[in-house]
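Coordinate inspection notes
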Amino acid sequence: ADFAKNGGVAYIFTGSAGHWNLQASIPNPDPSSIRRFGRSVAISGNSVVIGSYGGGAGIYSRSGSSWTLQDAVTGPGSIGSFVAMSPSSVIVGSLSGVYIYLSSGGTWQRRAVIAPRGGGVNSAAMSGSVLVLGAPLARNSAGAVFVYSRSGNSWHRTAKLSLSSHGKPELGFAVAVSTIKTTTRVLAGAPFAGRNKCGAAYEFVHARAGWREKATVVDPGCKRNDNLGWSVALGGKYAIIGTSGNRGGAYAQKLP
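Report follows, based on the coordinates. (Residues numbered from 1 in each chain as written. Predicted model: local features only at pLDDT ≥ 70, side-chain atom pairs only at ≥ 80, totals over all residues. Heavy atoms only, no water.)

**Description of the overall build of the chain**
Of regular secondary structure, the chain possesses 1 helix and 21 strands. Here the C-alpha radius of gyration of the chain, 18 Å, is about what a compact globule of 256 residues would show, namely 18 Å. Principal-axis analysis of the C-alpha atoms places the extent of the chain at approximately 45 × 40 × 40 Å. Sequence separation of at least 24 residues holds for 40% of the intrachain contacts in the chain that already meet a minimum separation of 6. Charge separation in the chain, taken as the distance between the mean sites of 25 positive and 8 negative side-chain charges, equals 7 Å. (Helix = DSSP H or I, 4+ residues; strand = E, 2+ residues; numbered from the N terminus. Rg over C-alpha atoms; globule rule 2.2 N^0.38 Å. Contact = heavy atoms within 4.5 Å. Lys, Arg positive; Asp, Glu negative; His and termini not counted. Charge placed at Lys NZ, Arg CZ, Asp CG, Glu CD.)

Dropping the structure here:
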């Protein structure tokens, strides 16, 4: 809730038997210098990372029902505007690139900085050893998605995903990734795709033959400015794709 009073707050809910209950609220640790705390969040196991608007991010750990600040991540510019997390890694992003922290002995240490050429990074997602960065302003706002693979503490770019169509769809405004066995799926939102900016989401799949664009999800009921693809989430073959425009809402979709 990044527009809440006192600089923002993050809420954590737990589910049981189909019901969700508020477990904890984490307030802005420094409202005088951190703006819009809770702008971005990610959770993995008993850890959560909470970003802000240019004020970095906090990594919290759980003990019972209590959450304690374990580490703080700071940096230049818009750092903290988007985050991602896996059991052993934290990604804290800014427009110029991302900072990667790895867990070691209960602390988080910065191991790498990735800054794709041209900057304009707006989103990140991780699955196992795969890192995906969305750069919607790349290629004159056509957008692109950069795929990285981890080897030890190093990350190497393995692919650049883009569309063959023209226009300024801003591919990569939001990204999600899922890896099952030997198949990796990337879902990339392009909220300004189409003549009327109805938006779309594009699925890219990597198997033994390499990357290929496999599916496109659009909103058939859109007339103008729905911006489908503003946010995306992916679990296996199932996707949730959000909008931000006229109608608002989210769509659940099973991908082919």
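Having put the structure on the table, let's press on.
**Focus on a positive patch on the surface**
A surface patch of like charges, here positive, comprises Arg117, Arg139, Arg157 and Lys160. Among the structural elements, Arg157 can be located in strand E14 (residues 154-161). (Patch = residues over 30% accessible without salt bridge, like charges linked within 9 Å, V, L, I, M, F, W, Y side chains within 5 Å. Areas by Shrake-Rupley, 256 points an atom, 1.4 Å probe, with all protein chains shown as cover. Salt bridge = Lys/Arg side-chain N within 4 Å of Asp/Glu carboxyl O.)

**Notes on the nonpolar core**
Membership of the largest hydrophobic core comes to 19 residues, with the highest contact counts inside it found for Ile91, Val98, Ile100, Ile114, Leu131, Leu133 and Trp155. The set of elements that each furnish at least two residues to this core consists of strand E7 (82-85), strand E9 (97-104), strand E10 (107-114), strand E11 (123-127), strand E12 (130-135) and strand E13 (144-151). Here Ile114 is in contact with Ser96, Gly97, Val98, Ile100, Leu131, Leu133, Tyr148 and Trp155, once residues within four sequence places are set aside. The next biggest cluster of nonpolar side chains, apart from the first, holds 18 residues, and it includes Val130, Ala193, Tyr202 and Phe204. (Core = buried A, V, L, I, M, F, W, Y, C linked by side-chain atoms within 4.5 Å. Buried < 20%, exposed > 50% of the residue type's maximum accessible area, 1.4 Å probe, protein only.)

**Description of the sheet that holds strand E19 (residues 231-235)**
Judged by pairing direction, the sheet is antiparallel, and its 3 strands sit side by side in the order E19-E20-E21 without closing on themselves. A strand with exactly one partner marks an edge of an open sheet, and here the two such strands are E19 and strand E21 (250-254). Across this sheet, the average inter-strand angle for adjacent strands is 15 degrees, counted without regard to direction. Direction of pairing for strand E20 (residues 238-242) relative to E21: antiparallel, over a ladder of 5 bridges. Its bridge partner lying in E21, Ala239 is registered against Gln253. (Pairing = 2+ DSSP bridges. Axes fitted to C-alpha atoms, helices over the stretch in contact; angles between N-to-C directions.)

**Observations regarding the state of the cysteines**
All chains considered together, the criterion is met by 1 disulfide. What pairs with Cys198 in a disulfide is Cys222, and their sulfur atoms sit 2.1 Å apart. Note on the Cys198 and Cys222 pair: the S-S dihedral is about -85 degrees, so by sign convention the disulfide is left-handed. Residue Cys198 is located in the loop between strand E16 (183-190) and strand E17 (200-207), and its partner Cys222 is located in the loop between strand E18 (210-217) and E19; the two are separated by 24 residues in the primary sequence. The pair formed by Cys198 and Cys222 is uniform in burial state, with each residue classed as buried. (Disulfide = S-S within 2.5 Å.)

**Some points on the sheet that holds strand E4 (residues 47-51)**
Read from one edge to the other, the open sheet built from 4 strands follows the order E3-E4-E5-E6, with strand pairing classed as antiparallel. On the outer flanks of this sheet lie strand E3 (40-44) and strand E6 (66-73), each paired with one strand and no other. Strand-to-strand, the axes of this sheet are offset by a mean angle of 20 degrees, without reference to chain direction. Examined bridge by bridge, strand E5 (residues 57-63) and E6 share 7 bridges and lie antiparallel to one another. Bridge pairing links Arg62 to Trp67 in E6.

By themselves these figures say nothing about function.
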